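What follows is the residue order along each chain.
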Amino acid sequence: MVFMYNLWVKNMSRKAKKTVCSFRNMKRDGEKIVMLTTYDAPSGRLAEEAGVDILLVGDSLAMTVLGYENTLPLTLEESLHHCRAVRRGAPNSFIVGDMPFMTYQASESEALKNAARYLKEAGCNAVKVEGGMQMIPLFAKMVQAGIPVMGHIGLLPQQVLTAGGYKVAGRTEEDADRLMAEALALEEAGAFCIVLECLPATVSKRIAETVAVPTIGIGAGPHCDGQVQVFLDILGMFDGFKPKHAKRYANLAGDVHQALSSYCQEVREKKFPTEEHSF
Ligand code: KIV
């Protein structure tokens, strides 16, 4: 009986889904963490099948999928809707819901209730919020309430209007020290991971070596404990613009243009459908 139970436990742990502890263990073991934004069921499914460790339903959804100019217009309902779709496509993945602008800044109680919706209604495992020192009390409250939270410091896209654009952070010694202090404070408040966006590689190296919590970089060099990229950027789905931090692993925009032109042409020339596609 004990033997059967042990076997069951062993099988269960072999198939175990990732938890917040998995990422700290990966950092401890020197294993890089792969995170990718996903926005719907097909992208979630493909990312899960490829073995991505963390699926982030980023608020970049606003620009990449919904056609807004920046991330600010994204609503809580839009974000939750896409998180649910990713969960349906990726039933076994660790999914982080990225809380949109003004869904957590106005009041602590509103932030807690909104964050809980990601876990209770959208099947997410955690939420992400942007910000440094000013967010620490909220961070601690969320973690105490049982909500796993991912931090995000450096370039903060939700601050684009106050910052006057998208700017690399941590270029001066003073700013680098501020980011270091923010990372330590986030760790102390209970963040399970911290995104470092657009910082000099030397600054993120110092942060990654100082904190025990995993750091996930985007435009923050190779020393972070993991990397995150935007689904459409690495697949080359925007042929006009490529951010400096992104590498294209495919040129889907070119392939899609070509496929759609062929479809238009074949319908017009009466080459499609053929008997093969008819009943
Ligand atoms: O929304 C997003 O895509 C993000 C990543 C850049 C980390 O927050």
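Rules and cut-offs
- Residues numbered from 1 in each chain as written.
- Predicted model: local features only at pLDDT ≥ 70, side-chain atom pairs only at ≥ 80, totals over all residues.
- Heavy atoms only, no water.
- pLDDT = per-residue confidence, 0-100.
- Contact = heavy atoms within 4.5 Å.
- Axes fitted to C-alpha atoms, helices over the stretch in contact; angles between N-to-C directions.
- Helix = DSSP H or I, 4+ residues; strand = E, 2+ residues; numbered from the N terminus.
- Parallel < 35°, antiparallel > 145°, perpendicular 65-115°, else oblique.
- Left-handed = near helix turned anticlockwise from the far one by under 90°.
- Salt bridge = Lys/Arg side-chain N within 4 Å of Asp/Glu carboxyl O.
- Buried < 20%, exposed > 50% of the residue type's maximum accessible area, 1.4 Å probe, protein only.
- Pairing = 2+ DSSP bridges.
- Right-handed = clockwise from strand over helix to strand, strands pointing away.

Peer 1: Explain the confidence of the model for the protein to me, please; I cannot follow it from the model alone.
Peer 2: Low-confidence regions, as indicated by low pLDDT, have predicted coordinates that should not be scrutinised in detail. Of the residues in the protein, 95% reach a pLDDT of 70 or more, and the chain-wide mean stands at 94. Within the model, pLDDT remains below 50 along residues 9–14, and this stretch shows zero contacts once partners closer than five positions in the same chain are excluded.

Peer 1: Got a minute to help me understand the packing of helix α3 (residues 41–50) against helix α5 (residues 76–89) in this structure?
Peer 2: Any two packed helices are characterised by the angle at which their axes cross and by the distance between the axes. Where α3 contacts α5, the two axes come as close as 7 Å, and the packing angle between them is 45°. With respect to their mutual orientation, α3 and α5 come out oblique. The chirality of how α3 crosses α5 is right-handed. Side by side, α3 and α5 meet where A41, G44 and R45 of the first sit next to A85, V86 and G89 of the second.

Peer 1: Help me understand the pattern of salt bridges, please; the structure alone is not making it clear to me.
Peer 2: Pairing between side chains of opposite charge can happen when the charged atoms of each approach one another. Applying the stated criterion across every chain, the model contains 13 salt bridges. Across the salt bridge formed by R117 and E77, the nearest N and O atoms sit 2.8 Å from each other. Linking R117 in helix α6 (residues 108–120) with E77 in helix α5, this pair joins segments that are 40 residues apart in sequence. Judged by its relative accessible area of 22%, R117 falls in the partly exposed class. Judged by its relative accessible area of 42%, E77 falls in the partly exposed class. Residues participating in the shared-partner salt-bridge network are E77, R117 and E121.

Peer 1: Even after reading the chapter, I still don't get the pairing of strand β1 (residues 33–37), so can you show me in this structure?
Peer 2: When you tally the buried positions in β1, you get four out of five residues, the bulk of the element. Note that β1 and strand β8 (residues 226–229) share four bridges and pair parallel. Opposite I33, over in β8, you have G226 as the bridge partner. Bridging between β1 and strand β2 (residues 54–57) involves three bridges; their strand directions are parallel. Residue pairing in the sheet places T37 in a bridge with L56 of β2. Between the parallel pair β1 and β2, the chain is carried across by α3, and the sense of this crossover is right-handed.

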